[in-house]
Amino acid sequence: MATMKSLIGLINKIQRACTVLGDHGGEGMSLWEALPTVAVVGGQSSGKSSVLESVVGRDFLPRGSGIVTRRPLVLQLHKTEDGTTEYAEFLHAPRKKFTDFAAVRKEIEDETDRMTGKSKAISNIPIQLSIYSPNVVNLTLIDLPGLTKVAVEGQPESIVADIENMVRSYVEKPNCIILAISPANQDIATSDAIKLAKEVDPTGERTFGVATKLDIMDKGTDCLDVLEGRAYRLQHPWVGIVNRSQADINKRVDMIAARRKEREYFETSPEYGHLASRMGSEYLAKLLSQHLETVIRQKIPSIVALINKSIDEINAELDRIGRPIAVDSGAQLYTILELCRAFDRVFKEHLDGGRPGGDRIYGVFDHQLPAALKKLPFDRHLSTKNVQKVVSEADGYQPHLIAPEQGYRRLIDGSISYFKGPAEATVDAVHFVLKELVRKSISETEELKRFPTLASDIAAAANEALERFRDESRKTVLRLVDMESSYLTVEFFRKLHMEPEKEKPNPRNAPQPNADIYSDSHFRKIGSNVSAYINMVCDTLRISLPKAVVYCQVREAKRSLLNFFYAQVGRKEKEKLGAMLDEDPQLMERRGTLAKRLELYKQARDDIDAVAWK
Ligand SMILES: Nc1nc2c(ncn2[C@@H]2O[C@H](COP(=O)(O)OP(=O)(O)OP(=O)(O)O)[C@@H](O)[C@H]2O)c(=O)[nH]1
């Protein structure tokens, strides 16, 4: 069975976690809102600070004229072993232990100003203060700015509504236990606290009515109607309080003495004596603690459910943005290589099919190359006029006798060199397609999205490799073209030589060899022979160039696109590897926040488990 102390201690822990998480309630369902809290609400000078201080047993709240409390103060009371020293600690200044409570008061003022400036503006971001003392019960209280009816100098008119709205935002939450402070020396019917409490908690199940200043009521009047629950009925009994008067404060009457005086007041009071055991600050603190325990017990299942839901959501988001990466170099290297392989897989799918793009390489061979070959200016190069010019130049001063061997060679060499253009263009076109596929593959590799530095490193390495393959491929195709010039197909010309004899022309119509040798038709014949030969070469290259290009570029890209990179990465030191795995700073920050949240939620769940099964 969980003890009350540990249950309330548990809630204190979860509330601290909430503040660290930046969870002050507000939008959506938050853990904060699932937790029970006690808010102290009342008009200005109703005695809020006094009640809070007497529950705590120390003087530490800022005092002054006008609106002193301008930020909510979340006050967590932790009971410590008897005899231990009392101290206070702010969440915004952890590790700094305040034993001087006057300094606590000063720090609350300073911290308020840090958020709101010296202006009298208000802020809804709470200040979190823990007090560790043997003289308190475990309890969390929230002190809210006093409700006011008029703005003081330097404050905007809206401050009245602003304070009311802020206070309402706390007390309207179903988990907020309202400590409604009303001075008994004023008409409780007009009490700001009771008015607001009735509005947000009409059934009164979470409102505790506290009547202060019983000692200074007009002579002959008393508060029994209220305290005995006849005048303003709430579900919980009213508690009457006698705090220190201003004169007591001035005389520096200490808290312990004040409590004793209060006890004596009730015990000896003719009006309230019969209620003495149910009156006073100490009784109020116990009452609150007991009530909190009941509420927390009811809440545990829904708090656990909410924590589990938050944990699931955080885990899902962490999965989506990727888990943190390991820090040792072996694991980093492994991660880098895994990411490279993931990219390589996508790239290969593009080439081999499964993803689009590889077909464009076939498009180069099937359309671009044949079209480029078709466009080569052989008509011009092998025109009768040019043939005659080239042959004559090759002949020199001695015209050829039978066949212009040199002329043929020059015409053929000249023609074949035209193939270099389409050959290189094919290499470039395939290079372009491969480069585009690298770009696409990088962006399609989900795992790489987290690591922009590595993604660009891989892209650069892949492109560098593609450049190398292109150079190799270019050399190979130019060599193929050169090979066509270096050794001509003899059979082709032998066959040509035989053909006219096969025709066996009529000797009468046969041209006279000498008369014909420099005529147009002679050169036309040479042109058409060269053209036929070149067509044959063209057919061969149309088939062999794609083979060379695939061999040098496509096959290599598939086999060894990142080989060079792997070797480089393998030699890198730890820092460099870490740098390669740099992530988008925003993403890293988000992951850090999520990890912290996860930790806190898990801790909260463990704490609840530990308490719930005690
Ligand atoms: N005699 C007597 N004086 C009280 C009692 N409660 C509060 N006072 C005095 O009333 C004045 C205001 O009390 P606070 O506790 O500062 O009231 P508050 O609601 O916190 O006021 P603000 O901080 O201005 O909003 C102080 O001078 C207290 O000494 C009481 O029960 N009896």
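These numbers were taken from a predicted model, which means no experiment stands behind them.

If you check the shell around the ligand, you find 19 residues, and the closest are Ser49, Ser50, Asn243, Arg244 and Gln246. Take serine 46: an N or O atom from its main chain is 3.1 Å from an oxygen atom of the ligand. Here an oxygen atom of the ligand sits 2.8 Å away from a polar atom, N or O, in the main chain of arginine 244. Contact with the protein chains hides 90% of the accessible area of the ligand, taken as 640 Å² for the molecule alone. For the shell around the ligand, the secondary structure elements donating two or more residues are α3 (48-56) and α8 (246-250). A total of three residues in the shell around the ligand trace back to one element, the largest contributor, which is α3. Its residues placed into classes, the shell around the ligand shows four nonpolar, 10 polar and five charged.

The residue histidine 381 is located in helix α13 (residues 378-381) in this model. Histidine 381 gets classed as buried once you look at its relative accessible area, which sits at 14%. Filtering out sequence-adjacent residues up to four positions away, histidine 381 remains in contact with Asn386, Val387, Leu411, Gly414, Ser415 and Tyr418.

Below, the discussion takes up the packing of helix α16 (residues 420-444) against helix α17 (residues 452-486). Close contact between α16 and α17 brings their axes to 9 Å; oriented N to C, the two are set at 165°. One finds that α16 runs roughly antiparallel with respect to α17. Of the two possible hands of crossing, α16 and α17 adopt the one that is right-handed.

In the structure shown here, the tally under the stated rule is 32 salt bridges. A salt bridge links lysine 106 to aspartate 110; the shortest N-O distance between them is 2.8 Å. Residue lysine 106 and its partner aspartate 110 are located together in helix α4 (residues 101-116), separated by four residues, close to a single helical turn. Accessibility expressed as a relative area gives 45% for lysine 106, which makes it partly exposed. Between glutamate 393 and lysine 389 there is a salt bridge, with the nearest N and O atoms lying 3.8 Å from each other. Of the two residues, glutamate 393 and lysine 389 are both situated in helix α14 (residues 384-395); the distance of four residues between them amounts to about one turn of the helix. Residue classification places lysine 389 among the partly exposed residues on the basis of a relative accessible area of 48%. Linked by salt bridges that have partners in common, Glu424, Asp428, Glu467, Arg470, Asp471 and Arg474 make up one network.

Conventions used here
Residues numbered from 1 in each chain as written. Predicted model: local features only at pLDDT ≥ 70, side-chain atom pairs only at ≥ 80, totals over all residues. Heavy atoms only, no water. Near = heavy atom within 4 Å. Polar contact = N/O pair within 3.5 Å; in protein donor to acceptor, adjacent residues only side chain to side chain. Areas by Shrake-Rupley, 256 points an atom, 1.4 Å probe, with all protein chains shown as cover. Helix = DSSP H or I, 4+ residues; strand = E, 2+ residues; numbered from the N terminus. Nonpolar A, V, L, I, M, F, W, Y, C, P; charged D, E, K, R; others polar. Buried < 20%, exposed > 50% of the residue type's maximum accessible area, 1.4 Å probe, protein only. Contact = heavy atoms within 4.5 Å. Axes fitted to C-alpha atoms, helices over the stretch in contact; angles between N-to-C directions. Parallel < 35°, antiparallel > 145°, perpendicular 65-115°, else oblique. Left-handed = near helix turned anticlockwise from the far one by under 90°. Salt bridge = Lys/Arg side-chain N within 4 Å of Asp/Glu carboxyl O.

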